[in-house]
Amino acid sequence: MKDFLVAKRLEISGVVQGVGFRPFLFVLAKKYHLKGEVSNTSSGVSVIVEGTIKNIEGFTHDIYHKSPLLASVKHIETMDTAHHNFSLFQIIKSKTANSRNTLISPDVTLCADCLAEMKDPHDRRYEYPFINCTNCGPRYTIIEDIPYDRPKTSMKQFKMCQACQGEYDDPLNRRFHAQPNACPECGPTVFLTDHKGVRIDSDSKEAITLAARYLKKGKIVAVKGLGGFHLACDAANLEAVQRLRQRKARPHKPFALMAESASRLFDHVHVSDREKDLLESYHRPIVLLKKKDTRPGKIEGLALDVAPFNKTLGIMLPYTPLHYLLLEKGPDILVMTSGNRSGEPLSIDNEEALDAFSHIADYFLLHNREICFRADDSIARIQAGKTRFIRRSRGYAPLPVAMNNPMPKILGCGAGLKNTVCLTRKNDVFLSQHIGDLDNIKVYDFYQNSIDHLKQIFDIQPGIIAHDLHPGYMSTGYAMAQKSIKKIGVQHHHAHAVACMAENNLDEPVIAITLDGTGYGTDGHIWGGEILVCTQKGFKRNAHLSYMRMPGGDAAVLEPWRMAASLLYQAFGNDFLSLDIPFIKQMDKEKLFFICQMMEKNLNSPLTSSAGRVFDAIASLLCIRHKISHESQAAMELEAVADEDPAEKAYGFDLVENKKEGSIGAFQINLEACIRQIVADLRQGVTNGCISSKFHHTLVQAFLAAAMIVSKKTGIKKTVLSGGVFNNDIILNRMIHSLEENDLKVYTHTKVPTGDGGICLGQAVVAAALEGN
């Protein structure tokens, strides 16, 4: 029977378009002596094969186990079909359908074969900055619609020359049906202008050579890339880096760097094997790597200002041909920071970029291939032995996160900061690229466009919208403005916890430790230091940091000295004004007195249980940072000064039962003892490094003690960790270690960010669970 000739139709779903999948099937069919046809469809790839049962089984096995690097086969549905008596196997024109279920590949780095051709003086694509094949190059950022064919990408305006068309039509060629296929004769070109938009090159090669030369001379060059613009300068040129900071009004936030190769980094940072693998992966994220010399004012061979007051450098390797050429001809380590006006999304259009930062860049290296959809660089690091996302974007989006159970079609609107959105379909949750902080109108426009684009390319019209409870979030406003659709509000920290549960396929009650800066609580206060007992459907708040005042409201986020005053006031009352510590000596006494008056009279001083605000307070109390210029700056700098302390010495804390009527949470974690002991250490001249280390361990020990009480009362042993504070390496590692030492099973994020970039996943899963009632 195995030699009996049959006809089968295979419907293949997954990431199977734009990744060399049809050429792979063509070669595979030839190997197994099969006749038939293959085409892209709106659901993936459709194959009809005629041959022996044995050969078709071998063919199907290899599809699962030997598919191209960038492909991901999710499911193959096999069914009998009529015989067509095919004489050969061929690739035919794509078919459209009413539903769209295909997955879309993210943009990926240049492959080794294309890189070798680009460096070969005898190759027709020598130094061509848009070289690509089915194994590499742009995908998501050039797609207008699906199926993924050239007429539905930004390459539609470039008619292939005879040589490129021959490659495109040859099933055995690496560029067979590579939609961005092009060469210097027929494809996109780069050109260089001054900051006024006046072109100063004669051709693409000269444009790149000149741009590299200007970078070596210390100039700032705006570079149009895959998903938007970068602002580039020589990372070793202190004057150039300082000029970029001044012009961009970015005084402290670390700049991302791009290095020619991983080996080029060995003098500057520690690079483990896992970190090297992540750097060199085809996703090409920015990877946070620990500096070799972490003393203040020391970065050997690089400008000090690339990442001041920080123990890590954010570094990526080149991922486009243009990047390789610039690093080869120019400096071998470049600053590559986002090209946008402050607070706005990445610029993607030439004219828009010239308008947005002609006052920043000296020159603009532009190209004439349209970017259909912007995508910031992803940011990741290896923490506690696993890859963790700080930002999941270019190179990963819009690949889905797979769920165990099917879900209805839901839109997760995300949070107000570090926003991402998601759409669900069956077992897939499609997360957008990084969108940003929605309090800017252009970012909000991008937010709405991202939702519309995801709906279109995945053909998902959600029947439910899940959103944050915060009435002031633009994402909540978007949800409320959608008419005739069911809306489900999800508490911020519940969404954090359930995002972690969903990643780890947990559907039973867990203890959730959620630590972040801001989340609207069900009591109307600002939460952020919580222990919840969670299911996907609901939660109970079992413990939290004691409430403290935020004098000035949002101003306290930007000016951590206000939070330091708040905690001192809580611990010492008005007597803190006469404390003999550096903080009091540096502060304006009249301002401090005014802050006391605000808190006494409860004037614009909302209550918060935020762990993030406690970090801010301690950073200011140690005179590390009184005002911030970027989010989480004070907390990052506090972490950076912490000594390594194997003894894990800690300050005191108290667990206080909540007896106040109407209070939410069984008990509070009170840090007044910690604050009093820090003040005592300051008066005795104890170093900031020692105090910071002890504070970090105190926070871990306090939440460990609270979690153990909750575990004992409930019998729950599974614990999830979520929230932006877990980007802190000390907190994450120590929390995992301490909980596991006490026989609690710990689950963490590895698929979405632990910060607000993962909130939308939790929102969608909560909504699905509630809808399943």
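Up top you'll find the structure we're talking about.
Every chain begins its residue count from 1, and numbering advances along the sequence as written. For this predicted model, a pLDDT threshold of at least 70 governs which residues receive local features, and a threshold of 80 or more governs which side-chain atom pairs are given and counted, while totals over whole chains, interfaces and linings are taken from all residues. Only hydrogens and water are set aside when side-chain values are computed; all heavy atoms of the structure are taken into account.

1. Considering the overall build of the protein
Alright, step 1. For the purposes of this entry, the term helix denotes a DSSP run of H or I that reaches at least four residues, the term strand denotes a run of E that reaches at least two, and both are numbered from the N terminus. What the protein contains, in helices and strands, is 22 helices and 29 strands.
Alright, step 2. Against the 2.2 N^0.38 benchmark of 28 Å for 773 residues, the protein shows a C-alpha radius of gyration of 28 Å, consistent with a compact globule.
Alright, step 3. Structurally, the protein occupies a C-alpha span of about 90 × 65 × 50 Å along its principal axes.
Alright, step 4. Going through the 773 residues of the protein one by one, you find that 61% of them count as buried.
Alright, step 5. Contacts are residue-level and defined by heavy atoms, with any inter-residue pair within 4.5 Å sufficient. In the protein, of all internal contacts separated by at least 6 residues, the share reaching a separation of at least 24 is 71%. Note that the radius of gyration is over C-alpha atoms, with the globule rule given as 2.2 Å times the number of residues to the power 0.38. Burial classes follow relative accessibility: with a 1.4 Å probe on protein chains only, a residue under 20% of its type's maximum area counts as buried, one over 50% as exposed, and anything between as partly exposed.

2. Observations concerning the sheet that holds strand β5 (residues 89-91)
Alright, step 1. Paired strands, in this sense, are two strands between which DSSP finds at least two bridges. The strand order β4-β1-β3-β2-β5 describes an open sheet built from five strands, whose pairing is mixed. Every interior strand has two partners, whereas the edge strands, β4 (72-80) and β5, have only one. Each strand axis lies, on average, 20 degrees off the axis of its neighbour in the sheet, ignoring direction.
Alright, step 2. By the bridge criterion, eight bridges tie strand β1 (residues 5-15) to strand β3 (residues 44-52) in an arrangement that is antiparallel. From the neighbouring strand, L5 faces β3, where its bridge partner is T52.
Alright, step 3. Packing against the sheet, helix α1 (residues 21-31) makes contact with β1, β2 (35-41), β3, β4 and β5, and its axis sits at approximately 175 degrees to β5. To obtain an axis, a line is fitted to C-alpha atoms, over the contacting stretch when the element is a helix, and the angle between two such axes runs from 0 to 180 degrees between their N-to-C directions.

3. Let's talk about the nonpolar core
Alright, step 1. Residues belong to a common nonpolar core when they are buried Ala, Val, Leu, Ile, Met, Phe, Trp, Tyr or Cys residues joined through side-chain atoms within 4.5 Å. By size, the foremost hydrophobic cluster in this structure holds 100 residues, and its most contacted members are I12, F21, L25, V47, F59 and I63.
Alright, step 2. At eight residues, helix α10 (residues 441-458) tops the list of elements feeding residues into this core.
Alright, step 3. When near neighbours in sequence (up to four residues on either side) are disregarded, I63 contacts L10, I12, F21, F24, L25, L28, V73 and I76.

4. With respect to the sheet that holds strand β19 (residues 464-468)
Alright, step 1. With respect to topology, five strands assemble into an open sheet ordered β16-β18-β17-β19-β20, the strand pairing being mixed. Two strands in the sheet have a free side with no partner beyond their single neighbour: β16 (400-407) and β20 (486-490). In this sheet, neighbouring strand axes are inclined to one another by 30 degrees on average, regardless of whether the strands run parallel or antiparallel.
Alright, step 2. Pairing of β16 with strand β18 (residues 422-431), which is carried by four bridges, proceeds in the antiparallel orientation. When the sheet's bridge partners are listed, V401 is paired in β18 with V429.

5. Regarding the pattern of salt bridges
Alright, step 1. Each reported salt bridge corresponds to a side-chain nitrogen of Lys or Arg within 4 Å of a carboxyl oxygen of Asp or Glu. Counted under the stated rule, the structure contains 33 salt bridges.
Alright, step 2. The partner of K31 in a salt bridge is D62, and the shortest N-O contact between them spans 3.1 Å. Taken together, the positions of K31 in helix α1 and D62 in helix α2 (residues 53-65) put the pair 31 residues apart, joining distant regions of the chain.
Alright, step 3. Take K31: its relative accessible area is 46%, and that puts it in the partly exposed class.
Alright, step 4. What you see here is one network of salt bridges that share partners, running through E117, R124, R125, E167, R174 and R175.

6. What to know about the pairing of β2
Moving residue by residue along a regular strand, the side chains alternate between the two faces of the sheet.
Alright, step 1. Across the seven residues that make up β2, a large majority, six, are buried.
Alright, step 2. Bridge count for β2 against β3 is seven bridges, and the pairing is antiparallel. From the neighbouring strand, E37 faces β3, where its bridge partner is I48.
Alright, step 3. Pairing of β2 with β5 involves three bridges; the strand directions are parallel. By the bridge assignment for β5, V38 is matched with I91.

7. Overview of the packing of helix α14 (residues 560-572) against helix α16 (residues 589-600)
Alright, step 1. With their axes 10 Å apart at the nearest point, α14 and α16 run at an angle of 65 degrees to one another. In the packing of α14 onto α16, the handedness of the crossing is right-handed. Side by side, α14 and α16 meet where W561, R562, A565, S566 and Y569 of the first sit next to K591, L592, I595, C596, M599 and E600 of the second.
Alright, step 2. When grouped by side-chain class, the residues that make up the contact of α14 with α16 number seven nonpolar, one polar and three charged. Crossings are assigned a handedness: left-handed for a near helix turned anticlockwise from the far helix by less than a right angle, right-handed for a clockwise turn. Amino acids outside the nonpolar list (Ala, Val, Leu, Ile, Met, Phe, Trp, Tyr, Cys, Pro) and the charged list (Asp, Glu, Lys, Arg) are all regarded as polar, and Gly is one of them.

8. Description of the packing of aromatic side chains
Alright, step 1. What counts as a ring pair is set by centres within 6.5 Å for rings of Phe, Tyr and Trp (its six-membered ring), and what kind of pair is set by the plane angle: stacked under 30 degrees, edge-to-face over 60, tilted for all other angles. What the rule picks out here adds up to 14 aromatic pairs.
Alright, step 2. Between F373 and F446, the aromatic rings sit 6.0 Å apart at their centres with planes inclined by 50 degrees, giving tilted as the arrangement. Here F373 is found in the loop between β13 (363-367) and β14 (379-383), whereas its partner F446 is found in helix α10, with 73 residues between them in sequence. Side by side, F373 and F446 carry an identical accessibility label, which is buried.
Alright, step 3. Taking 5.8 Å as the distance between ring centres and 20 degrees as the angle between the ring planes, the aromatic pair formed by Y444 and Y447 counts as stacked.

9. Regarding the state of the cysteines
Alright, step 1. Sulfur atoms of two cysteines make up a disulfide when they are within 2.5 Å. This structure, assessed with the given rule, holds zero disulfides.
Alright, step 2. A disulfide-free cysteine, C164 has its sulfur positioned 3.6 Å from the sulfur of C183, the nearest such atom.
Alright, step 3. Here C164 falls in the buried class, since its relative accessible area comes to 0%.
Alright, step 4. Lacking any disulfide linkage, C500 is separated from the closest cysteine sulfur, that of C534, by 10 Å.
Alright, step 5. Taking relative accessible area as the criterion, C500 reaches 0% and is therefore assigned buried.

10. So, the pairing of strand β10 (residues 286-290)
Alright, step 1. Most of β10 sits out of view: four of its five residues are buried.
Alright, step 2. The pairing of β10 with β14 spans two bridges and is classified as parallel. Each residue of the ladder has a partner; that of V287, found in β14, is A380.
Alright, step 3. Across four bridges, β10 lies against strand β11 (residues 312-316) in antiparallel orientation. Bridge assignment links V287 to a residue of β11, and that residue is I315.

11. Focus: unusual backbone geometry
Working note: non-glycine residues mostly have negative phi, and peptide bonds are mostly trans.
Alright, step 1. A cis amide bond links A397 to the next residue, P398, at an omega of 10 degrees.
Alright, step 2. Turning to its location among the elements, P398 is positioned in the loop between β15 (386-391) and β16.
Alright, step 3. The phi angle at A249 is positive, at roughly 55 degrees, despite the residue not being glycine.
Alright, step 4. You can see A249 is positioned in the loop between α6 (238-248) and β9 (256-259).

12. Section: the packing of helix α17 (residues 611-621) against helix α18 (residues 633-641)
Alright, step 1. Relative orientation of the contacting elements α17 and α18 amounts to 65 degrees, with a least axis distance of 8 Å. Taken as a pair, α17 and α18 cross one another with a handedness that is left-handed. Two secondary-structure elements touch here, α17 through F615, D616, I618 and A619 and α18 through A634, A635 and L638.

13. A look at α17
Alright, step 1. For α17, the buried fraction is high: eleven of the eleven residues fall into the buried class.
Alright, step 2. All buried positions along α17 are accounted for by A611, G612, R613, V614, F615, D616, A617, I618, A619, S620 and L621.
Alright, step 3. Residues adjacent in sequence count toward polar contacts only when both atoms are side-chain atoms; beyond that, a polar contact is any pair of N or O atoms within 3.5 Å, and within protein one must be able to donate a hydrogen and the other to accept it. N-capping of α17 is provided by S610, with a side-chain oxygen placed 3.1 Å from the backbone N of G612.
Alright, step 4. C623 occupies a position one or two residues after α17 and carries a positive phi of about 60 degrees.

14. A few points about the side chain of K248
Alright, step 1. Along the chain, K248 turns up in helix α6.
Alright, step 2. Charge convention: Lys and Arg are scored as positive, Asp and Glu as negative, and His as well as the terminal groups of each chain are ignored. The buried charged residue K248 lacks any salt bridge partner; its closest oppositely charged side chain belongs to D376, at an N-O distance of 9.0 Å.
Alright, step 3. Excluding its chain neighbours within four sequence positions, the residues that come into contact with K248 are L231, T337, S338, N340 and I360.

15. Observations regarding helix α22 (residues 759-771)
Alright, step 1. With 13 residues, α22 extends 18 Å between its outermost C-alpha atoms, agreeing within 8% with the 18 Å of an ideal straight helix rising 1.5 Å per residue.
Alright, step 2. Turning to α22, its buried residues number three or more, namely I759, C760, L761, G762, Q763, A764, V765, V766, A767, A768 and A769.
Alright, step 3. On its buried side, α22 packs onto β16, β17 (410-412), β18, β19, β20 and α12 (492-503). Helices are assigned an expected span. That span is 1.5 Å times one less than the residue count.

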